[in-house]
Amino acid sequence: MPSEKRIKTALVSVYHKDGLDHILTKLNSSGVKFISTGGTRSFIESLGFPCEAVEDVTGYPSILGGRVKTLHPKIFGGILCRRELPEDAKQIKAYDIHEIDLVIVDLYPFEETVASGASEEDIIEKIDIGGISLIRAAAKNFKDVIIVASKQQYQPLMNLLEEKNGVSDISDRKFFAKEAFAVSSSYDSAIFNYMDNNNGSAFRHAEDNAMALRYGENPHQKGTFYGDFGSMFDQLHGREISYNNLLDIEAAVSLISEFDETTVAILKHNNACGIASRPTVVDAWKDALAGDPVSAFGGIIISNAKIDKVAAEEINSIFFEIVIAPEYDKEALEILEQKKNRIILVQKQQLVADKQFRSLLNGVLVQDKDLSIQSATDLKLVTNRPLQGTEEEDLLFANKLVKHTKSNAIIFVKNKQLCAGGTGQTSRVDALKQAIEKANEFGFDLKGAVMASDAFFPFPDCVEIAGNAGITAVVQPGGSIKDSLSVEYCNEHNISMVMTGVRHFKH
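These remarks concern the structure in this document.

Conventions used here
- Residues numbered from 1 in each chain as written.
- Predicted model: local features only at pLDDT ≥ 70, side-chain atom pairs only at ≥ 80, totals over all residues.
- Heavy atoms only, no water.
- Pairing = 2+ DSSP bridges.
- Helix = DSSP H or I, 4+ residues; strand = E, 2+ residues; numbered from the N terminus.
- Contact = heavy atoms within 4.5 Å.
- Axes fitted to C-alpha atoms, helices over the stretch in contact; angles between N-to-C directions.
- Polar contact = N/O pair within 3.5 Å; in protein donor to acceptor, adjacent residues only side chain to side chain.
- Parallel < 35°, antiparallel > 145°, perpendicular 65-115°, else oblique.
- Left-handed = near helix turned anticlockwise from the far one by under 90°.
- Buried < 20%, exposed > 50% of the residue type's maximum accessible area, 1.4 Å probe, protein only.
- Phe/Tyr/Trp six-rings, centres within 6.5 Å; stacked < 30°, edge-to-face > 60°.
- Lys NZ or Arg CZ within 6 Å of the ring centre and 35° of its normal.
- Salt bridge = Lys/Arg side-chain N within 4 Å of Asp/Glu carboxyl O.
- Core = buried A, V, L, I, M, F, W, Y, C linked by side-chain atoms within 4.5 Å.
- Right-handed = clockwise from strand over helix to strand, strands pointing away.

### Focus on the sheet that holds strand S3 (residues 33-36)
- As summarised here, the arrangement of the 5 strands in space is S4-S3-S2-S5-S6, forming an open sheet in which the pairing is parallel. The open sheet has two edge strands, strand S4 (52-53) and strand S6 (146-148), and neither has a second partner.
- Note: S3 against S4, 2 bridges, orientation parallel. Bridge assignment links Ser36 to a residue of S4, and that residue is Ala53.
- Across the sheet, helix H2 (residues 38-46) touches strand S2 (9-13), S3 and S4, and the angle it forms with S3 is around 145 degrees.

The structure is reproduced here in structure tokens:
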């Protein structure tokens, strides 16, 4: 067929050589001629294969400290020559340019160099010029040339060599071209973001590793996750992860990262319906479950400590979709794996992103991630009554939790246990009433409990309702022009109030 092409000459110029030897061996056995530069040429010859130096092809040495090696018409003409055009064939013959059918190249490790804290001079030298030019040229001429732009494409190339004896059709070459442009676009995005110095003058973000999901938020919506899920988690058991699972997982790991003590949280639709800090995982689980055993059904469980057999036996008593922990006892896994679809994850690392973005209208909305964490020194007492007993640590616990709860949000905590929460309400009073109703439904005595609000109180009605329910201490950001009314009510009714100056809206 006219679209089928056999590889005769390959230009190889790579920074990382791991896994390349198998490709080269297969190409050599098929009679492919190699052209290369510097270290790659030495590597090819060390395998016992002949290799022509780029300098011998171009008639020019590598110059400017290696900045210019392959940038020459005899290289790019051989790549960009359109085989079906008589004019191109005539010109390459006139200038003694030989066709190049395969380009294997990778790029200098720019992102790794930036991450290492290297100097600007070293970083700039890792902006690849020759490699990126070879990628674009070969990808543009995919009608005639195969481009392999990263190690991730070694296996598809090997499959082509083994299954089709190195003969490619147009769909094969277009696939490699598409992958090559993904590499180049990601590389250029990284360079732009470095040069932009996080000023956000334009939005450029690239993610590889597309993970197809069963569907999106609902079955009629298509969903895909882009990112390296495997770098954060090992999935030990269960069915494939869904779009909604991922939202819950992100909410869970963000919440649990706030806590140093042994803590277990139960989430449903991205909000905690139970959480407690206790000396052991099993005790933390029991008290987290007590927060709302109804909502916990079908939820997601996360622990920041190893789940042992005792805890697993208790956790296994209800239905849930996902469990996340840093590690598990062997006996615990045997128990948790009794449900074939249950997703069991090991969290290997914490979230590291400091930016959040989402599609919005006809653009993208970007913000700094809410990484603000308040400590005891951030609690400004604004009432006459000082904090008493465990109120301070409970307020800090509640403030962490309200930060990760959909606005408008109210949280009740007592002895480092979620008693109830009001989530996602259109008024703060409604969120408060919802929390009181839930606390009463599940038998919590709110006398001596504390309350956290994600935003200020515009009127004193919330502290009045909370005080009547038994709340003795309140944490809120403050900032209302009528803050004094809430403070006055607290003073008149022996309630402590602290302000942090930091609002934690979450939408």
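Having seen the model, we can carry on.
### Describing the environment of His98
- By secondary structure assignment, the location of His98 is in the loop between helix H5 (86-94) and strand S5 (102-105).
- Through-space distance from the C-alpha of His98 to that of Gly77 is 8.0 Å; in sequence the pair is 21 residues apart.
- Of note is the side chain of His98, whose polar atom sits 3.4 Å from the side chain of Asp96.

### Quick notes on the sheet that holds strand S19 (residues 410-413)
- The 6 strands lie next to each other as S18-S23-S22-S21-S19-S20, forming an open sheet whose pairing is mixed. The sheet terminates laterally at strand S18 (380-381) and strand S20 (418-422), the two strands that pair on one side only.
- Pairing geometry for S19 and S20, over 4 bridges, is antiparallel. By the bridge assignment, Ile410 is partnered in S20 with Gly422.
- Its contacts with the sheet place helix H17 (residues 428-441) against S19, S20 and strand S21 (450-453), and it is angled at close to 145 degrees to S20.

### Some thoughts on the packing of helix H9 (residues 154-163) against helix H10 (residues 170-196)
- The contact between H9 and H10 brings their axes to 11 Å, and the two run at 165 degrees. Classified by the interaxial angle, the pair formed by H9 and H10 is roughly antiparallel. Here the hand of the crossing between H9 and H10 comes out left-handed. Only Asp172, Phe175 and Phe176 of H10 make contact with H9, whose side of the interface consists of Pro156, Leu157 and Leu160.

### Details of the pairing of strand S11 (residues 263-268)
- Taking burial as the measure, the 6 residues of S11 include 5 buried ones, the bulk of the element.
- Bridge count for S11 against strand S12 (residues 271-277) is 6 bridges, and the pairing is antiparallel. By the bridge assignment for S12, Leu267 is matched with Ala272.
- Between the end of S11 and the start of S12, which pair antiparallel, lie 2 residues, with His269 showing a positive phi angle near 50 degrees.

### Some words on the side chain of Ser36
- In this structure, Ser36 sits in strand S3.
- Of the residues examined, Ser36 reaches a relative accessible area of 0% and is grouped as buried.
- Ignoring sequence-local partners within four residues, the contact set of Ser36 consists of Leu11, Val12, Arg41, Ile44, Cys51, Glu52, Ala53 and Val54.

### Some words on unusual backbone geometry
- Of note, the bond from Ser407 into Asn408 is cis; its omega dihedral lies within 30 degrees of zero at -10 degrees.
- When you line up the elements, Asn408 lands in the loop between helix H16 (391-403) and S19.
- The phi dihedral of Asn197 is positive, around 55 degrees, even though this residue is not glycine.
- For Asn197, the location among the structural elements is in the loop between H10 and strand S8 (210-212).
- For Lys416, which is not a glycine, the phi torsion comes out positive at approximately 55 degrees.
- By the element assignment, Lys416 lies in the loop between S19 and S20.

### Concerning the packing of aromatic side chains
- Scanning all chains against the criterion turns up 10 aromatic pairs.
- With 5.0 Å between their ring centres and 65 degrees between their planes, Phe203 and Phe357 make a pair best called edge-to-face. With Phe203 in the loop between H10 and S8 and Phe357 in strand S16 (residues 355-360), the pair connects residues that are 154 residues apart, well separated along the chain.
- Look at Phe357 and you get partly exposed, because its relative accessible area is 41%.
- With 6.4 Å between their ring centres and 85 degrees between their planes, Phe225 and Phe229 make a pair best called edge-to-face.
- It is Arg204 that lies over the ring of Phe192; its NZ or CZ is 5.8 Å from the centre.

### Looking at the pattern of salt bridges
- Tallying each qualifying case throughout the model produces 22 salt bridges.
- Across the salt bridge formed by Arg67 and Glu125, the nearest N and O atoms sit 2.3 Å from each other. Taken together, the positions of Arg67 in the loop between helix H3 (54-58) and helix H4 (73-80) and Glu125 in helix H7 (residues 120-125) put the pair 58 residues apart, joining distant regions of the chain.
- By relative accessible area, Arg67 is classed as partly exposed at 48%.
- Between Asp88 and Arg82 there is a salt bridge; the shortest N-O distance is 2.8 Å.
- We classify Arg82 as partly exposed; its relative accessible area is 41%.
- Each of Arg83, Glu99 and Asp101 takes part in salt bridges that share partners, so that together they form one network.

### Looking at the nonpolar core
- Residues Val103, Ile104 and Ile147 are the most contacted members of the largest nonpolar core, which totals 50 residues.
- The contacts of Ile104, once residues within four sequence positions are left out, are Leu11, Val12, Ser13, Val14, Leu20, Ile23, Leu27, Val148, Tyr154 and Leu157.
- Counting residues in hydrophobic clusters, the runner-up holds 39 residues, among them Leu213, Leu395, Ile411 and Leu418.

### A closer look at the pairing of S2
- In terms of residue burial, S2 counts as a mostly covered element, since 5 of its 5 residues are buried.
- Looking at chain direction, S2 and S3 are connected through 4 bridges and run parallel. Its bridge partner being in S3, Ala10 is matched across the sheet by Phe34.
- Handedness of the crossover joining S2 and S3 through helix H1 (residues 20-29): right-handed.
- Here S2 pairs with S5 via 4 bridges, running parallel. The partner of Leu11 across the bridge, within S5, is Val103.

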